[in-house]
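# Observations on the model geometry
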Amino acid sequence: MRIAYLTIDDSPSKDFKKKVDYLLKKNIPAIFFCRGDLIEKREKEIIYAIKKGFIIGNHSYNHPHFSQLSFEDETEQIKKTDKIINNIYKKAGLKSKKIFRFPYGDKGNNKTIKKLQQVLKNLIYRQPEWHGITYKWFKDRKLDKNYDCYWTCDIKEWCLKGNYNEDIKTFNDVLKRINKTRNSNSNEIILMHDHEQTTKYFFKIIDELIKKDFKFCLPDIK
Ligand SMILES: [Zn+2]
């Protein structure tokens, strides 16, 4: 049985708690990569999720394209949210897990990529241990060695928010895409989003993933 590591980005939306409760009911653990500005609006819900065993990761303060920022602003996006998350974990009575994901997977412009990785390293961010990810492209891009987290399977339900010039136009296209993952032998780091425009699809996608016979796990984070 293949393992699925479920990661959900851009949280918390107004529907965050509903989603947390659905995952709890289905016994599915998950990592929520959260925006600092949104955590400030919904602290109570985040503390609730932490106490229920979900992991809260750093996804910047307000979701910019890092390659369009100065190094100082990039650093500020990471550090400001780091403080917010440390603080919220403290309120939940636990220690922050210190994992980070860049918005849009944009690791910054070429000049700052290495410096930014060092910023993450200095703040004790780390790469979780995702077991059984065997994709060659993942290893070739050293995505298992960086201090930020990438993914292997983008559900692309975010395309349903509008015309994003993708092959995904209808919910059926999303389902077809999920079915394609069947052909792989690798475990998957699944990327979904906590956007209120696609909340109605969220639950259906989870049900579809359950049908794929994945074993849902959290990675080891040391
Ligand atoms: Zn995002």
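Everything below is about the structure printed above this text.
### Concerning helix α5 (residues 113-122)
Listed as buried for α5 are Leu116, Gln117, Val119 and Leu120. Mapping the buried residues of α5 onto a view down its axis gives an arc of 155 degrees, with all of them on the same face. For α5, exposure combined with an orientation more than 90 degrees from the buried face picks out Lys114 and Asn122. The inward-facing, buried residues of α5 abut α4 (71-91). Directly after α5, the chain includes Ile124, whose backbone phi takes a positive value near 65 degrees.

### Looking at the pairing of strand β5 (residues 188-193)
In terms of burial, β5 is a largely internal element, six of the six residues being buried. With burial as the criterion, each face of β5 is covered, one bearing Glu188, Ile190 and Met192 and the other bearing Ile189, Leu191 and His193. Where strand β1 (residues 3-11) and β5 come together, six bridges link them in parallel fashion. From the neighbouring strand, Thr7 faces β5, where its bridge partner is Leu191.

Criteria and thresholds
Residues numbered from 1 in each chain as written. Predicted model: local features only at pLDDT ≥ 70, side-chain atom pairs only at ≥ 80, totals over all residues. Heavy atoms only, no water. Buried < 20%, exposed > 50% of the residue type's maximum accessible area, 1.4 Å probe, protein only. Helix = DSSP H or I, 4+ residues; strand = E, 2+ residues; numbered from the N terminus. Arc of directions from axis to C-beta. Contact = heavy atoms within 4.5 Å. Pairing = 2+ DSSP bridges.

That's the geometry; what it means functionally is another story.
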